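Each chain, letter by letter, is given below.
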Amino acid sequence: MKTVGGNLKILTLNCWGLFVPFVCQKRRERMTAIAARLSEGEHDIVMLQEVWSQSDYEMLCKRITPAYAYTHYFHSNFIGSGTCVFSKYPIYETFYHRYPVNGHAHRIQHGDWYGGKGVGLCKIVYNGVRINLYVTHLHAEYSTSNDEYLAHRVVQAFDMSQFVKTTSETCDVVIAGGDFNSRPTDCGYSLLVTNASLKDAWLNQRETPSGGGETSDTPSNPFTCKKHLMDFPLGERLDYLMYRANASFSVDCARCYLTMGRVPREQFSYSDHEGVAAELEIKRNITAMGAEIDFEKRKEHLNRALRIVQSGFVQCKNERLYFAVYFVVACAVLAMLGFTSAPYGLAIVCGVLRVYFTLLMAYAAWVVLIIKPAEENALWNAKKDMSNLIAQEKLLSQF
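Given the structure is predicted, the values throughout are model-derived calculations rather than measurements.

## Regarding the nonpolar core
If you look at the biggest cluster of nonpolar residues, it comprises 30 residues, and the most contacted ones within it are V85, I131 and I282. Ignoring any residue separated from it by four or fewer positions in sequence, one finds I282 in contact with V4, G5, G6, L8, Y126, V129, I131, V173, F249, S250 and V251.

## Some remarks on the packing of helix 1 (residues 27-38) against helix 2 (residues 54-64)
Each pair of packed helices can be summarised by the angle the axes make with each other and by the distance between the axes. For the pair helix 1 and helix 2, the least separation of the axes is 9 Å and the interaxial angle reads 30°. Relative to helix 2, helix 1 is oriented roughly parallel. Both helix 1 and helix 2 take part in a crossing whose hand is right-handed. Within the contact between the two elements, helix 1 uses R27, M31, T32, I34, A35, A36 and L38 and helix 2 uses D56, M59, L60, R63 and I64. Of the residues contributing to the contact of helix 1 with helix 2, the split by class is eight nonpolar, one polar and three charged.

## Concerning the sheet that holds strand 6 (residues 118-126)
The strand order 5-6-7-8-10-9 describes an open sheet built from six strands, whose pairing is mixed. The sheet is open, and its two borders are formed by strand 5 (91-98) and strand 9 (199-200), each paired with just one other strand. Judged from the eight bridges that link them, strand 6 and strand 7 (residues 129-137) form a sheet pairing that is antiparallel. Within strand 7, the position partnered with K123 by the bridge is N132.

## Structural notes on the packing of aromatic side chains
Under the criterion given, the structure shown has 17 aromatic pairs. Plain terms: the ring middles of Y134 and F163 are 6.0 Å apart, the flat faces sit at 90° to each other, and that makes the pair edge-to-face. Within this pair, whereas Y134 is found in strand 7, its partner F163 is found in helix 4 (residues 150-167), the two being separated by 29 residues in sequence. Measuring from centroid to centroid gives 5.3 Å for Y189 and Y240, while their planes differ by 50°, and the two rings are tilted. Within this pair, whereas Y189 is found in helix 5 (residues 187-195), its partner Y240 is found in strand 10 (residues 239-245), the two being separated by 51 residues in sequence.

Cut-off values and rules
- Residues numbered from 1 in each chain as written.
- Predicted model: local features only at pLDDT ≥ 70, side-chain atom pairs only at ≥ 80, totals over all residues.
- Heavy atoms only, no water.
- Core = buried A, V, L, I, M, F, W, Y, C linked by side-chain atoms within 4.5 Å.
- Buried < 20%, exposed > 50% of the residue type's maximum accessible area, 1.4 Å probe, protein only.
- Contact = heavy atoms within 4.5 Å.
- Axes fitted to C-alpha atoms, helices over the stretch in contact; angles between N-to-C directions.
- Helix = DSSP H or I, 4+ residues; strand = E, 2+ residues; numbered from the N terminus.
- Parallel < 35°, antiparallel > 145°, perpendicular 65-115°, else oblique.
- Left-handed = near helix turned anticlockwise from the far one by under 90°.
- Nonpolar A, V, L, I, M, F, W, Y, C, P; charged D, E, K, R; others polar.
- Pairing = 2+ DSSP bridges.
- Phe/Tyr/Trp six-rings, centres within 6.5 Å; stacked < 30°, edge-to-face > 60°.

Here's what the structure looks like:
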């Protein structure tokens, strides 16, 4: 009889593959080192984030496909999602679900909006087990003291938890991983654990964890900003591997550990993040009933999320008002320039001002009429979905 399941080795790594000179250090050297390390085929499935350059992805495919016969990149928006999967086992179906909120278009320096972030799904067959593999990269937190993207990240985590829950009913095992940009105490993390019934591999492994599992801005990483260590001396745990077994199957985490830190014989690391790897023991268990939702805990975190989303909704309306003011000011300046003849020698300056305020007017109109209404609708819809889940609990309690 053919054995069903086995020991599956998973890896997730944020590659820090920004194609911006001076901002992303040693990208080519690091991507080459990542390809060399992955070509050893140590893991069965690899999930990567921040592979923004198509040339980097093609290089990875060329170098590591002898070890991983199956691969998929999730394209999205202007620069791509940055997420991809390499697998030794067949990927027979893929789908990308883009998040309804993705940061702000006018924050060009942050870039999340232009990546069109979402959650990618790969359906994989592993020794007779149907696996739904989910990979994501949630919106970054650019300021701990003034996190203007908190509501967006919470909505993204909630959206992912709903997507995982509603698309995993027919599979045997669920595996989710990536850079969640959320600490274990954050609302987004809690929504994924409670609403999608996922287990954190680091916390549920049989071995005793060594340290806190910090993956970002660790003191041993040469790319860590020293200023960040003042707030988080040991770094932060932002990257995760999570799992869940459905009925008739069981999954145990034998080991979860950090990997791909410093590049051998080099003075730099593979990335500004550490990799997270896990060894999962997957077995058929005909008596297993599958995971159940803890409704009380979920309700607690949903109420917390509702408060955050409401705050984000107010912030969105205020920003829409600000851009409306910019639009009015730009129109007024253009009208003034149009009815005023340029003083001698200042014709070029006036021409430049006309171009600048015309662009400002057009951009402000785009934000006021299209971008902000779309963001308001997405936040409003998330609030309704969360409220429906809370109401669902009251309804189910009557039966």
